[in-house]
Amino acid sequence: MSVLELNNISYGYIDGSQKRMILNNLSYTFEKGKFYSIFGPSGSGKTTLLSVAGGLEKSQEGEVKYEGTNISDLGLSKYRRNHISFVFQQFNLIPYLTALENVVNIMNITDNKLPKPYETTALNLLEKFGIVESKAKRSIHQLSGGEQQRVAIARGLATNVDLILTDEPTGNLDISTEKEIIKILKSLAEDFGKCVIAVSHSLAISESSDIHLELLDGKLYEIDR
Ligand SMILES: Nc1ncnc2c1ncn2[C@@H]1O[C@H](COP(=O)(O)OP(=O)(O)O)[C@@H](O)[C@H]1O
Ligand SMILES: [Mg+2]
């Protein structure tokens, strides 16, 4: 079932007196239960694409639809709060709060109905991703990079959304931790039915995804791996 639809999206940045197009008439439809990778070299526009798809930036042309509704009609902040999770390790965990507090905070923000008490739900979720209670009660900066990324993934699942967007999820992790994170991302799609979109320049991610996309000259192409 289609969950996210990008229709003729264009987005550019003003560069001096010129506008440089980063996304150029880009269209693609994403479905639930699949793990998509979007591959592209640094500067190709992957982060920009994720920002537009996630309602952080408004597309300058074209439309982004969530389950058939234009996200502007849905309300961008409501869309972000109730329908998507960003899993950006360095970006959305608050380092001086504990892993548990980071997860419970996001549960307090969404309008989605979640099982209570939140603390128990959050601890169970963290444990599923290998963060036991003693670690869950440590502040983020006292966890390893791989553990932080697992907290970010648990946090991404805590609001019970369909769409998980992740930017360079294995960015500064070693190879064995990268493999673990890829396994988790795959399982979010296959076992939890989420639509997972990972943008990355990592070949390992591109190869392990269900659908391999490449961002090239502002458009998305399906590629064979
Ligand atoms: N706020 C901005 N203003 C101007 N140019 C930008 C801005 N953000 C990104 N860019 C440029 O747009 C291009 C695509 O950036 P980005 O989406 O971050 O690519 P990627 O994530 O693939 O590395 C790069 O050339 C970058 O320098
Ligand atoms: Mg980027």
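Okay, so let's go over this structure. (Residues numbered from 1 in each chain as written. Chains lettered and ligands numbered in written order. Predicted model: local features only at pLDDT ≥ 70, side-chain atom pairs only at ≥ 80, totals over all residues.)

On to the overall build of the chain. Check the secondary structure of the chain and you find 10 helices and 10 strands. In terms of overall dimensions, the chain is globule-like: its C-alpha atoms have a radius of gyration of 17 Å, near the 17 Å expected for 225 residues. Viewed in the frame of its principal axes, the chain has a C-alpha envelope of about 50 × 40 × 40 Å. Once local pairs closer than 6 in sequence are excluded, the contacts in the chain between residues at least 24 apart make up 69%. (Helix = DSSP H or I, 4+ residues; strand = E, 2+ residues; numbered from the N terminus. Rg over C-alpha atoms; globule rule 2.2 N^0.38 Å. Contact = placed C-beta atoms within 7 Å.)

Moving on, we get to the pairing of strand β1 (residues 2-15). In the sheet, β1 pairs with strand β2 (residues 18-31) via 10 bridges, with the strands oriented antiparallel. Bridging from a neighbouring strand, S2 pairs with E31 of β2. Taken together, β1 and the strand that follows it, β2, pair antiparallel across an intervening segment of two residues, in which G16 is found at a positive phi of about 65 degrees. Bridge count for β1 against strand β4 (residues 61-66) is five bridges, and the pairing is antiparallel. Following the sheet pairing, N7 is matched in β4 by E63. (Pairing = 2+ DSSP bridges.)

Here the focus is the sheet that holds β4. An order of β2-β1-β4-β5 is seen for the four strands of this open sheet, with the pairing classed as antiparallel. Looking at strand neighbours, the two that pair on one side only are β2 and β5 (69-70), the edges of this open sheet. Here β4 pairs with β5 via two bridges, running antiparallel. Note that in β5 the partner of K65 across the bridge is N70. Its contacts with the sheet put helix α1 (residues 46-53) on β1, β2 and β4, and the angle it makes with β1 is roughly 125 degrees. (Axes fitted to C-alpha atoms, helices over the stretch in contact; angles between N-to-C directions.)

Topologically, D73 is positioned in helix α2 (residues 71-74). When the C-alpha positions of D73 and S208 are compared, they lie 35 Å apart, and in sequence the two are 135 residues distant.

Its place among the elements puts L213 in strand β9 (residues 211-216). In sequence terms L213 and D224 are 11 residues apart; their C-alpha atoms lie 8.7 Å from each other. Once residues lying within four places of it in the same chain are set aside, the contact partners of L213 are Y36, S37, I38, F39, L220, Y221 and E222.

With that out of the way, let us pick up the packing of helix α5 (residues 99-109) against helix α6 (residues 118-128). At a minimum axis separation of 9 Å, α5 and α6 run at an interaxial angle of 120 degrees. Relative to α6, the element α5 lies oblique. Crossing hand, α5 versus α6: right-handed. Within the contact between the two elements, α5 uses A99, L100, V103, V104 and M107 and α6 uses Y118, E119, A122, L123, L125 and L126. In the contact of α5 with α6, the residues fall into 10 nonpolar, no polar and one charged. (Parallel < 35°, antiparallel > 145°, perpendicular 65-115°, else oblique. Left-handed = near helix turned anticlockwise from the far one by under 90°. Nonpolar A, V, L, I, M, F, W, Y, C, P; charged D, E, K, R; others polar.)

Attention now moves to the sheet that holds strand β3 (residues 35-39). One open sheet accounts for six strands, arranged β6-β7-β8-β3-β9-β10; its pairing is mixed. Across the chains shown, the open sheet's two edge strands, defined by having one partner strand only, are β6 (84-87) and β10 (219-222). In this sheet, neighbouring strand axes are inclined to one another by 25 degrees on average, regardless of whether the strands run parallel or antiparallel. Pairing geometry for β3 and strand β8 (residues 195-200), over five bridges, is parallel. Bridge pairing in β8 places I38 opposite V199. Each of β3, β7 (163-167) and β8 is contacted by helix α9 (residues 175-190), which is oriented at about 150 degrees to β8, the strand it contacts most.

Just distances and angles here, no functional claims.
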